[in-house]
Amino acid sequence: MRNIRLLLAGSGLLAVAMSGCQSYHAQPLLPEVVMRDVERERMLLPAGEPEAAPAEAAKAESGPFTFARAAQWLALHGPALKEAQAEFETALAAAKIKTPLPNPALEVGPNFGFGPDIGDVHRVQPFGSIGLTIPLGKRLRRQDELNRALAEVSRVEWVLRHREAYMDLRALYARLALGRQRFAEMKRIADSAEKSVQIGKKGLAAGFATALDLGIFELEAGRARLNALDAARDSAEAEAGLSELLGVHAEHFKNLPEKPLPDLP
């Protein structure tokens with residue numbers, strides 16, 4: 001009977017210990033679902049709406065692409081800021097939880113006896129033990145203070161990343177606006193140079209110009225086209241940088257305001 005009572009007591013303690021354990025629930029990340037949610041957010045579509053083409057999504061977002069709107073999108077959709085915010089929220093959640101006492105140790109099992117002095121009745125004996133660790137110093141409080149300090153470090157890091165991303169946004173937005181203005185001027189010059197080439201061909205046919213004059217006109221037209229392509233490439237690189245920084249599709253950057261940049265002194 002004594003052995004039975006010990007077994008029952010050990011089983012009860014084991015059941016209590018097992019009831020305090022957390023069960024594992026798998027939460028797999030499906031790549032296709034994650035990519036679909038990211039693409040929907042880049043299109044600035046609310047959750048649950050069907051996907052739309054980039055041009056249609058850009059039309060749905062009315063209004064020009066001002067710098068104020070770009071700064072708002074940076075705070076809402078910027079991937080780097082979202083990562084910093086998630087790190088801060090994780091550290092803050094850990095800081096709000098007091099450091100618990102060390103887990104108790106529970107040992108339950110049978111003791112096996114060997115040798116001639118062990119009878120058949122007492123050859124197997126159950127045993128059980130519980131170990132509790134009670135810290136006497138200030139280790140738990142120091143851990144709480146450390147968690148709060150780490151949360152403050154994460155908050156400062158979040159603010160710092162926001163400031164750095166804001167400065168990058170100013171540079172990229174100015175580069176985009178100036179690049180498009182430069183492309184418009186270079187395209188106008190290239191079109192004028194093409195007209196000069198056509199006039200030179202007519203003059204060559206009429207005898208008013210030489211082949212050398214026509215070659216000079218074609219050379220200048222080629223340089224103008226090259227400058228226009230260079231300006232278009234610079235604008236495309238600025239759009240790509242803004243899209244990466246803001247986490248928004250580049251189709252939303254097509255409609256710039258009439259005066260995107262402030263007047264310089």
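The rules behind these values
Residues numbered from 1 in each chain as written. Predicted model: local features only at pLDDT ≥ 70, side-chain atom pairs only at ≥ 80, totals over all residues. Heavy atoms only, no water. Axes fitted to C-alpha atoms, helices over the stretch in contact; angles between N-to-C directions. Helix = DSSP H or I, 4+ residues; strand = E, 2+ residues; numbered from the N terminus. Parallel < 35°, antiparallel > 145°, perpendicular 65-115°, else oblique. Left-handed = near helix turned anticlockwise from the far one by under 90°. Nonpolar A, V, L, I, M, F, W, Y, C, P; charged D, E, K, R; others polar. Contact = heavy atoms within 4.5 Å. Core = buried A, V, L, I, M, F, W, Y, C linked by side-chain atoms within 4.5 Å. Buried < 20%, exposed > 50% of the residue type's maximum accessible area, 1.4 Å probe, protein only. Salt bridge = Lys/Arg side-chain N within 4 Å of Asp/Glu carboxyl O. Patch = residues over 30% accessible without salt bridge, like charges linked within 9 Å, V, L, I, M, F, W, Y side chains within 5 Å. Areas by Shrake-Rupley, 256 points an atom, 1.4 Å probe, with all protein chains shown as cover. Phe/Tyr/Trp six-rings, centres within 6.5 Å; stacked < 30°, edge-to-face > 60°. Expected span 1.5 Å × (residues − 1). Polar contact = N/O pair within 3.5 Å; in protein donor to acceptor, adjacent residues only side chain to side chain.

Caption draft 1: Main features of the packing of helix α6 (residues 139–206) against helix α7 (residues 211–246). Closest axis-to-axis distance for the α6/α7 pair is 7 Å, and the angle between their directions is 160 degrees. It follows that α6 is roughly antiparallel to α7 by the angle criterion. Crossing hand, α6 versus α7: left-handed. Residues that form the contact of α6 with α7 fall into these classes: 24 nonpolar, six polar and 14 charged.

Caption draft 2: Expanded view of the packing of helix α4 (residues 67–77) against helix α5 (residues 79–95). The contact between α4 and α5 brings their axes to 6 Å, and the two run at 40 degrees. Our classification of the angle between α4 and α5 gives oblique. Counted together, Leu74, Ala75, Leu76 and His77 of α4 and Pro79, Leu81 and Lys82 of α5 form the full contact between these two elements. Class assignment of the residues belonging to the contact of α4 with α5 gives a composition of five nonpolar, one polar and one charged.

Caption draft 3: Highlighting the nonpolar core. If you look at the biggest cluster of nonpolar residues, it comprises 20 residues, and the most contacted ones within it are Phe65, Leu169, Leu246 and Phe253. Counting only elements with at least two residues in this core, the list comes to α4, α6 and α7. The leading source of residues in this core is α6, at five residues.

Caption draft 4: Seen up close, the pattern of salt bridges. Counted under the stated rule, the structure contains 15 salt bridges. Among the salt bridges present, the one from glutamate 152 reaches arginine 155, with a minimum N-O distance of 2.7 Å. Placement of the pair is glutamate 152 and arginine 155 together in helix α6, with a separation of three residues, close to one helical turn. The closest approach of N and O atoms between glutamate 194 and arginine 225, which form a salt bridge, is 2.1 Å. With a gap of 31 residues between them, glutamate 194 in helix α6 and arginine 225 in helix α7 connect regions that are remote in the sequence.

Caption draft 5: Region of interest: a nonpolar patch on the surface. Taken together, Leu106, Val108, Ile130, Leu132, Ile134 and Leu136 make up a surface patch of nonpolar side chains, about 660 Å² in accessible area. Note that valine 108 resides in strand β1 (residues 105–112). Accessibility expressed as a relative area gives 44% for valine 108, which makes it partly exposed.

Caption draft 6: Seen up close, the environment of valine 159. Within the element layout of this structure, valine 159 appears in helix α6. You can call valine 159 partly exposed: its relative accessible area is 31%.

Caption draft 7: View of the packing of aromatic side chains. Taken as a whole and judged by the stated rule, the model has six aromatic pairs. Both rings, one in phenylalanine 65 and one in tyrosine 173, keep their centres 5.5 Å apart while their planes meet at 55 degrees; by these two values the pair is tilted. Residue phenylalanine 65 is found in the loop between α3 (54–60) and α4, and its partner tyrosine 173 is found in helix α6; the two are separated by 108 residues along the sequence. No difference in accessibility class separates phenylalanine 65 from tyrosine 173, as the two residues are buried. Feature note: the residues Phe65, Phe67, Trp73, Tyr166, Tyr173 and Phe253 constitute an aromatic cluster, connected by ring pairs.

Caption draft 8: A look at α6. Its 68 residues give α6 an end-to-end C-alpha distance of 98 Å, which sits within 8% of 100 Å, the value for a rise of 1.5 Å per residue. Downstream of α6 by a residue or two, glycine 207 has a phi angle that is positive, lying close to 90 degrees.

Caption draft 9: Fine view of the side chain of serine 235. Checked against the element boundaries, serine 235 lands in helix α7. At a separation of 3.3 Å, a polar atom in the side chain of serine 235 contacts the main-chain amide nitrogen of arginine 180.

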